[in-house]
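Analysis of the macromolecular model
Listed below are the residues making up each chain.
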Amino acid sequence: MMLNKEAIISCLIDKKICTKEEMEGCSLENVEMLEKNASLSLPLQYREFLLGIGRGAGILFQGTDIFFPSIIGLKTDAVNLLKENGENFTLSSVDFVFSMHQGYEFCYFNTSEGDDPPVYQYIEGSGSPMIVWKSFSDFLMDSIDIYSRSRNM
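What this report covers is the structure whose coordinates are included nearby. Because the structure is predicted, anything quoted here is derived from the model rather than measured.

A word on the environment of Ser128. With respect to the helices, strands and loops of the structure, Ser128 is situated in the loop between β6 (119–123) and β7 (130–133). Not counting chain neighbours up to four residues away, the residues in contact with Ser128 comprise Glu87 and Phe89.

Okay, structure coming up:
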């Protein structure tokens, strides 16, 4: 289920993860700069995420490099992590690394797999990346649900 930036923002407010004031989206220029830097067109669902909350969303994703500008260069970091671990797997030219957690785990999608692509995850020591979420919107909603449950405990 594709989510536009307004739906993402509303969901975060409804689940009391953050206030509107704690959210900041990327500008269109930021998104275009990311695309130019990666030599890729980013999927529509990921663009909506960036435009809605791409610079921050309160406690959502604390401790994870997922917001602009810290996402710049994550693919290089991911490639280095794979090399350090002697993995046979390599990222392709159409893969976009959008998240790295604590330097040992990263998530990415293949930009040729549609407007809401599957999300692959690599965790140090676990071998090749695996598809963990069938779409970026599933990754986002799952993350929001996890943060919402942890807040309400």
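The subject of this paragraph is the pattern of salt bridges. A complete count under the given rule lists 2 salt bridges for this structure. Among the salt bridges present, the one from Lys15 reaches Asp145, with a minimum N-O distance of 3.2 Å. You can see Lys15 sitting in the loop between α1 (5–14) and β1 (23–24) and its partner Asp145 sitting in helix α5 (residues 136–151), a full 130 residues away along the chain. Judged by its relative accessible area of 29%, Lys15 falls in the partly exposed class. On the basis of relative accessible area, Asp145 is assigned to the partly exposed category, the value being 26%. One salt bridge in this structure joins Arg47 and Glu35, with 2.8 Å as the shortest N-O distance. Here Glu35 lies in helix α2 (residues 28–38) and Arg47 lies in helix α3 (residues 44–53), a separation of 12 residues in the sequence.

With that settled, consider α1. Considered for burial, the residues of α1 that qualify are Ile8, Ile9, Cys11 and Leu12. Taken around the axis of α1, the buried residues stretch over an arc of 160 degrees, which confines them to a single face. N-cap assignment for α1: the residue whose side-chain oxygen lies 3.2 Å from the backbone N of Glu6 is Asn4. Just downstream of α1, Lys16 is the residue with a positive phi angle, here 55 degrees.

Among the secondary structure elements, Leu28 is positioned in helix α2. For the pair Leu28 and Arg47, spaced 19 residues apart in sequence, the C-alpha to C-alpha distance is 9.0 Å. Excluding residues within four positions of it along the chain, Leu28 makes contact with Arg47 and Leu51.

The pairing of β6 with β7 spans 3 bridges and is classified as antiparallel. Bridged to Val119 within β7 is Trp133. A loop of 6 residues connects β6 with β7, the two strands running antiparallel in sequence, and Gly125 in this loop sits at a positive phi of about 85 degrees.

Before going further, it helps to spend a moment on the nonpolar core. Counting 46 residues, the largest nonpolar core has Leu12, Tyr46, Phe49, Phe98 and Phe106 as the members making the most contacts within it. Contributing elements (two or more residues each) for this core: α1, α2, α3, α4 (74–84), β4 (95–101), β5 (105–110), β6 and α5. The biggest single contributor to this core is α5, with 5 residues.

What follows covers the packing of aromatic side chains. Enumeration over the complete set of coordinates arrives at 21 aromatic pairs. Each ring, one from Trp133 and one from Phe139, has its centre 5.0 Å from the other, and the planes form 85 degrees; the classification is edge-to-face. The same class applies to Trp133 as to Phe139, namely buried. Connected via pairs of aromatic rings, a cluster forms that spans Tyr46, Phe49, Phe61, Phe67, Phe96, Phe98, Phe109, Trp133, Phe136, Phe139 and Tyr147.

For the rest of this paragraph, the subject is the side chain of Thr111. Position of Thr111 among the secondary structure elements: in the loop between β5 and β6. Exposure remark for Thr111: the relative accessible area of 15% places this residue in the buried category. In contact with Thr111, not counting residues within four places along its chain, are Leu40, Ser41, Pro43, Val94 and Phe96.

What counts, and where the lines are drawn
Residues numbered from 1 in each chain as written. Predicted model: local features only at pLDDT ≥ 70, side-chain atom pairs only at ≥ 80, totals over all residues. Heavy atoms only, no water. Helix = DSSP H or I, 4+ residues; strand = E, 2+ residues; numbered from the N terminus. Contact = heavy atoms within 4.5 Å. Salt bridge = Lys/Arg side-chain N within 4 Å of Asp/Glu carboxyl O. Buried < 20%, exposed > 50% of the residue type's maximum accessible area, 1.4 Å probe, protein only. Arc of directions from axis to C-beta. Polar contact = N/O pair within 3.5 Å; in protein donor to acceptor, adjacent residues only side chain to side chain. Pairing = 2+ DSSP bridges. Core = buried A, V, L, I, M, F, W, Y, C linked by side-chain atoms within 4.5 Å. Phe/Tyr/Trp six-rings, centres within 6.5 Å; stacked < 30°, edge-to-face > 60°.

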